[in-house]
Amino acid sequence: MKDLKLEGSAKTPSVLFLAREGKLELKGRSIPENSIEFYKPLLDWLDVYRTDPQEQTIVDMKLEYFNTSSSKCILDLFKKLEDINRGNTQINVNWFFEEDDEDMEEAGEDYQAIINLPFTMIEVDEI
Amino acid sequence: MRAKLIIYFGRTNFKSNVCLLNIFLYLLSSVRNIVAAQINHMPLSSIYDFYSTVKEEKVILSFKSIVTADLLKSTLEIIEIKLKEIEPSKKIRKKVFHLLVECLQNLYHHTEKFDFKQQNLSAENSHSSILIVYKNETAYFIKTGNYIHNNKLEGLKNELLSLNNMNDSELRNYYIETLNDGKRNKQGTAGLGMIDLRRKSGNKLAFQFKPITEDISFFCLKVTIG
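Read on for a plain summary of the structure. Predicted, not measured: the structure shown is a model, and the values here were computed from it.

1. A word on the sheet that holds strand S4 (residues 206–211) of chain B
Residue and element names in this part refer to chain B.
- Read across the open sheet, the five strands follow the order S1-S2-S3-S5-S4; overall the sheet is antiparallel. The open sheet has two free edges, formed respectively by strand S1 (59–65) and S4, since each of these has just one partner strand. Strand after strand, the sheet turns through a mean of 10 degrees between neighbouring axes, direction not considered.
- Contacting S1, strand S2 (129–135) and strand S3 (140–149), helix H3 (residues 69–86) runs over the sheet at an angle of about 170 degrees to S1.
- Of the strands in this sheet, S3, S4 and strand S5 (216–225) are in contact with helix H7 (residues 150–164), which crosses S3 at around 150 degrees.

Now the structure itself:
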């Protein structure tokens, strides 16, 4: 299957979904007005990936911040990953947040409260 | 004093609004406090008063306009540059920026369209919103204003009163519950905006509804950060 690679913009994160490596990364800010439109290709890609996933899938969430409109789409993404995790791949989520950024740390904890996937919280100097 | 902070975009179309906004911000970028303005009806003598007011009030950015995707983009670019100049703490810069995104996107998604003639409003004003970002020694403030239908007033008022009465853990639970309730509209917004403003600002949301006609009111919101 094809990889999904999108450049980041002022309002959207860069996307790097590598099928053969089992590596998914979102990086940057996610503040589009219409987040459903932006996240649809990502969710569609996961629908294809679930048919033949790698044994291990690493999800790196390196978000600087996201708007509330993106937050539901990110939840949709995690719910899809949760479904895939029930099949034949082990999914691990790495949730990156910048030093002292309690808001983003809390955002990761909010998803952890809803989603049944292993989350690792990783504090970094800069995303 | 406050009335002087209202910025007039006059009878211009949207493209020229954005253009004017950028031009004015460019021209004024050397001064510490910045404001976008096309002043049509102000006497020349009042320009210095206007400048002084903006300066004294530490206005970082203000406009009255229809909030479009392009205006939103320009505004966020400008505020990011301004915050880098005036705010040394990255943590505070991020918080102000984040909350401003929510405020602007609230205006973008929820500014209502009215039957102007029926409401006795001019077309140019009825879709417009106002935004003012300013600071004092201890905090940043974002004020917004937009028209709403009175049939939405009670619901919004109750939501805001209820949010203001919640403590941190109640706010977190309410946010998670709303995030996970499965409801969506076309843009993906789903009632999280006000919760996020209240939760991330850490302060109560000040608000007021000013009656305009029998059917509509002007909704004023103040978010305090710090």
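2. Digging into the layout of surface pockets
- For the largest pocket, the calculated volume is near 690 Å³.
- Looking at the largest pocket, it is lined by 30 residues, and the ones nearest its centre are Asn106, His110, Leu156, Gly191 and Met194 of chain B.
- Elements represented by at least two residues in the lining of the largest pocket include exactly helix H2 (68–85) of chain A together with helix H4 (90–110), S3, H7, helix H9 (193–201) and S5 of chain B.
- Considering every element that reaches the lining of the largest pocket, the biggest residue donor is H4 of chain B, with seven residues.
- Across the lining of the largest pocket, the residue classes tally to nine nonpolar, 15 polar and six charged.
- The computed volume of the second largest pocket comes to approximately 390 Å³.
- In this structure, the second largest pocket is lined by 19 residues; those nearest its centre are Asp103 and Glu106 of chain A together with Lys95, Arg199 and Lys200 of chain B.
- When residues of the lining of the second largest pocket are traced back to their parent elements, those giving at least two are strand S4 (56–66) and helix H3 (102–114) of chain A together with H4, helix H8 (168–179) and H9 of chain B.
- With five residues, H3 of chain A is the largest single contributor of residues to the lining of the second largest pocket.

3. Focus: helix H1 (residues 35–49) of chain A
Residue and element names in this part refer to chain A.
- Taking 1.5 Å per residue, 15 residues should reach 21 Å; H1 reaches 21 Å between its end C-alpha atoms and fits that length.
- By the largest-angle criterion, Pro41 marks the main kink of H1, which is about 25 degrees.
- Turning to H1, its buried residues number three or more, namely Ser35, Phe38, Tyr39, Leu42, Leu43, Trp45, Leu46 and Tyr49.
- By the N-cap criterion, in which a side-chain oxygen at the helix start approaches the backbone nitrogen of a residue two or three places on, H1 is capped by Asn34, the distance to Ile36 being 3.3 Å.

Thresholds, definitions, all that
Residue numbering note: each chain is counted from 1, following its sequence as written. Chains carry letters from A onward and ligands carry numbers from 1 onward, assigned in written order. Reporting of local features is limited, given that this is a predicted model, to residues whose pLDDT is at least 70; pairs of side-chain atoms are given and counted only at 80 or more, and all residues count toward the totals for whole chains, interfaces and linings. Excluding hydrogens and water, the side-chain values take into account all heavy atoms of the structure. Here the rule is simple: two strands pair whenever DSSP picks up at least two bridges between them. Runs of E in the DSSP output that reach at least two residues are strands. Runs of H or I that reach at least four are helices, and both are numbered from the N terminus. For every element, the axis is a line fit to its C-alpha atoms; helices are fit only across the contacting stretch, and the angle between N-to-C directions ranges from 0 to 180 degrees. Whether two residues touch is decided by their heavy atoms; if any such pair falls within 4.5 Å, the residues are in contact. A pocket here means an open set of points on a 1 Å grid, computed over the protein atoms alone, that has protein on both sides within 12 Å along at least five of seven lines. A cavity is instead a set of points where a 1.4 Å probe fits but cannot get out; residues with an atom within 4 Å of a point line either one. Grid points are joined across faces, edges and corners, and a volume is the space filled by probe spheres set on the points. Polar here means any residue outside two lists: the nonpolar Ala, Val, Leu, Ile, Met, Phe, Trp, Tyr, Cys and Pro, and the charged Asp, Glu, Lys and Arg; Gly therefore counts as polar. Helix span, as expected, comes to 1.5 Å for every residue beyond the first. Two axes enter the definition of the bend at a residue: one is fitted to the seven residues ending there, the other to the seven starting there, and the bend is the angle between them. We call a residue buried when its accessible area falls under 20% of the maximum for its residue type, exposed when it is over 50%, and partly exposed in between, using a 1.4 Å probe and counting protein chains only. N or O atoms within 3.5 Å of each other form a polar contact, as long as, within protein, one can give a hydrogen and the other can take it, and as long as residues adjacent in sequence are counted only when both atoms are side-chain atoms.

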